[in-house]
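Remarks on the overall topology
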Amino acid sequence: MKVPVTMQKLRGGYYTPKPIAHFLADWAIQTNFTNVLEPSCGDGSILEAAVDVLLARGAPATQLSQLVFGVELDELEALKAQERFVGRNISPFEGILVGDFFAYCQQQLLEQVRFDAIIGNPPFIRYQHFQESHRAIAFQIMLQAGMHPSRLTNAWVPFLVASTLLLNEHGGRIAMVIPAELLQVNY
């Protein structure tokens, strides 16, 4: 019997526990002026950790909306992420874009925008559930990076590749939750 595909599986959304989110942010964010991108921010737990770390490093609360950016495909999840910042002296949090990360990545690459820290938990979506319009851009980015995606390529792979392309070449850090499958695949 074939098991029906859940919305969580289609979105690839598996959320990061607070201790892990803080571990990633603490490692990746080195200064109080580190600009941070979360390419699949979901409900905002990693963005919140980034804000907490920046504040702990001495970033002024008034500067946070210029330092922390998130991209989220699902509008309802993006609203949940924004709600985390209500009443934190940075509300409304303007740094969350609702849209496709791969299209966002292409635009940032054209504009030569780079980030000091990219932290996240990319979606885990199998090829057959990876929306074609997003997959086409994702695979184009991989090809530009010299990689050769296949029909086995899970969405987390181009997320990781695209993120590395947006990373500042001088001292930039990337901290991502990725599967152990990374050590076993050849795509």
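Being a predicted model, the structure only gives us computed values, none of them experimental.

What follows covers the environment of glycine 44. You can see glycine 44 is positioned in the loop between strand 1 (36–38) and helix 3 (45–56). Taking the C-alpha atoms as reference points, glycine 44 and glycine 70, 26 residues apart in sequence, are found 8.3 Å from one another. Those residues in contact with glycine 44 that sit more than four places away from it in its chain are Ala81 and Arg84.

Next up on the list: the confidence of the model for the protein chain. Averaged over all residues, the pLDDT of the protein chain is 85; the fraction at 70 or higher stands at 86%. In this model residues 2–12 is a low-confidence stretch, pLDDT under 50, and it forms 18 contacts with partners more than four residues away in sequence or in other chains.

This part is about the sheet that holds strand 2 (residues 68–72). Taken in spatial order, the 5 strands of this open sheet run 3-2-1-4-5, and their pairing is parallel. Taken across any chain shown, the strands that pair with only one partner, and hence form the sheet edges, are strand 3 (96–98) and strand 5 (173–176). Taking each pair of neighbouring strands and ignoring which way they run, the sheet shows an average axis angle of 15 degrees. In this structure, strand 1 lies alongside strand 2, joined through 3 bridges in parallel fashion. Paired with valine 36 across the two strands is valine 68, which belongs to strand 2. Taken strand by strand, helix 7 (residues 156–165) contacts strand 4 (117–120) and strand 5, and its axis lies near 160 degrees from that of strand 5.

How each quantity is defined
Residues numbered from 1 in each chain as written. Predicted model: local features only at pLDDT ≥ 70, side-chain atom pairs only at ≥ 80, totals over all residues. Heavy atoms only, no water. Helix = DSSP H or I, 4+ residues; strand = E, 2+ residues; numbered from the N terminus. Contact = heavy atoms within 4.5 Å. pLDDT = per-residue confidence, 0-100. Pairing = 2+ DSSP bridges. Axes fitted to C-alpha atoms, helices over the stretch in contact; angles between N-to-C directions.

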